[in-house]
Every structure is written in structure tokens, then in C-alpha cells.
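Each chain, written out:
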Amino acid sequence: MELTYEKIVDTVRKRFKDTDVSSVPGTLAFQFNVEGKGQGIFYLEIKDGKLRVEPYEYYDRNAIIIIKGPDLIKLINGKLDPVLAFTTDKLKVEGDVGAALELIKFLK
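The structure presented is a predicted model; accordingly, all values stated were derived computationally and were not measured. (Residues numbered from 1 in each chain as written. Predicted model: local features only at pLDDT ≥ 70, side-chain atom pairs only at ≥ 80, totals over all residues. Heavy atoms only, no water.)

### Here's the deal with the overall build of the chain
At step 1: Along its length, the chain carries 4 helices and 5 strands.
At step 2: Scanning the chain from its N terminus toward the C terminus, one meets helices and strands in the order α-β-β-β-β-α-α-β-α.
At step 3: In terms of overall size, the chain behaves like a compact globule, its C-alpha atoms giving a radius of gyration of 13 Å where 108 residues would be expected to give roughly 13 Å.
At step 4: Among the 108 residues that make up the chain, the fraction classed as buried is 44%.
At step 5: A separation of at least 24 residues holds for 65% of the contacts in the chain among residues at least 6 apart in sequence.
At step 6: Accessible surface, the chain as shown: approximately 6,400 Å² in total, 51% of it carbon and sulfur. (Helix = DSSP H or I, 4+ residues; strand = E, 2+ residues; numbered from the N terminus. Rg over C-alpha atoms; globule rule 2.2 N^0.38 Å. Buried < 20%, exposed > 50% of the residue type's maximum accessible area, 1.4 Å probe, protein only. Contact = heavy atoms within 4.5 Å. Areas by Shrake-Rupley, 256 points an atom, 1.4 Å probe, with all protein chains shown as cover.)

### Here's the deal with the environment of Leu 3
At step 1: One can find Leu 3 in the segment before α1 (5–16).
At step 2: A relative accessible area of 17% means that Leu 3 is categorised as buried.
At step 3: Ignoring sequence-local partners within four residues, the contact set of Leu 3 consists of Ile 8, Lys 37, Gly 38, Gly 69, Pro 70 and Ile 73.

### Side note on the packing of α1 against helix α2 (residues 69–76)
At step 1: One can describe the packing of α1 onto α2 by two numbers: an axis separation of 10 Å at closest approach and a directional angle of 15°. Compared by their axis directions, α1 and α2 come out roughly parallel. The hand of the α1/α2 crossing is left-handed. The residues of α2 that touch α1, namely those facing Ile 8, Thr 11, Val 12, Arg 15 and Phe 16, are Gly 69, Leu 72, Ile 73 and Ile 76.
At step 2: For the contact of α1 with α2, the residue count by class is 6 nonpolar, 2 polar and 1 charged. (Axes fitted to C-alpha atoms, helices over the stretch in contact; angles between N-to-C directions. Parallel < 35°, antiparallel > 145°, perpendicular 65-115°, else oblique. Left-handed = near helix turned anticlockwise from the far one by under 90°. Nonpolar A, V, L, I, M, F, W, Y, C, P; charged D, E, K, R; others polar.)

### Structural notes on the nonpolar core
At step 1: With 32 residues, the main nonpolar core has Val 12, Phe 30, Phe 32, Phe 42, Leu 44 and Leu 72 as its most contacted residues.
At step 2: Listing elements by their share of this core, those giving two or more residues are α1, β1 (27–35), β2 (40–47), β4 (63–68), α2, β5 (91–95) and α4 (97–105).
At step 3: Looking at this core, the element that brings in the most residues is α1, giving 5 residues.
At step 4: Excluding anything up to four places from it in sequence, Val 12 contacts Phe 42, Leu 44, Val 53, Leu 72 and Ile 76. (Core = buried A, V, L, I, M, F, W, Y, C linked by side-chain atoms within 4.5 Å.)

### Quick word on the pairing of strand β3 (residues 50–54)
At step 1: The sheet contact formed by β2 and β3 spans 5 bridges and is antiparallel. Paired with Leu 44 across the two strands is Val 53, which belongs to β3.
At step 2: In textbook terms, the turn of a hairpin is the stretch between consecutive antiparallel strands, and for β2 and β3 this stretch comprises 2 residues, one of which, Asp 48, has a positive phi near 55°. (Pairing = 2+ DSSP bridges.)

### A few points about the sheet that holds β3
Within a sheet, neighbouring strands are paired by backbone hydrogen bonds and run either parallel or antiparallel to one another.
At step 1: Strand order across the open sheet formed by 5 strands is β3-β2-β1-β4-β5, with mixed pairing between neighbours. Since the sheet does not close on itself, it has two edges, and those belong to β3 and β5, each with one partner. The average undirected angle you get between the axes of adjacent strands in this sheet is 20°.

Encoded structure:
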């Protein structure tokens, strides 16, 4: 199966569809820059107790997460530990690393 940008965005949407983010105050926004297979840019925003994933850039973001498509799919499906991905440079964070750590809580 070919890994496309649309498949990546759809997989992330499905993974977080029923995630309870009601405890998150204010807005948390992350832009994902996907490299390699399925390359493209999308964002994940948590605002007013709702989580949205959209295929656009997000300019007022907390952080940019840079990752290869296959690694993002592994991360979303629990087959790649986020801390290990960060320490082995499979995942890079530009901006607020603390905010990115908040996002990790919702991967569990």
C-alpha cells in the first residue's frame, strides 16, 4: 500500500477522533512537516476542548514537528516511542518542546 499525504492526514484524524482533550486549557497547535513518503504539511489543533486535524500550515503554532511519513504512522499506531524517536532524531521539534510533550500524553 502506497503511503500518501492524504493517507497520513486521514490516519492522524482517525487516531485522534475520539480523544478527550477537554482538560487542555487555551489552544495548543502543532504543524507537522512530513518528509519523504507522503510528504506534506498539516496541523493538529486543540482548542475549546476540541481537536482538529487539517491539511494546512498553521502560523500561530506552539511547535513544528518534523518527521518522515512512515515514522509518523508508527508513532501514531504506538509502534514508535515518541521519546526514543526524538532522541534518535527520527522526530524533530522546532519551538516549544514542552507543548510537544503535552501532545505525547494523547498518544498513550
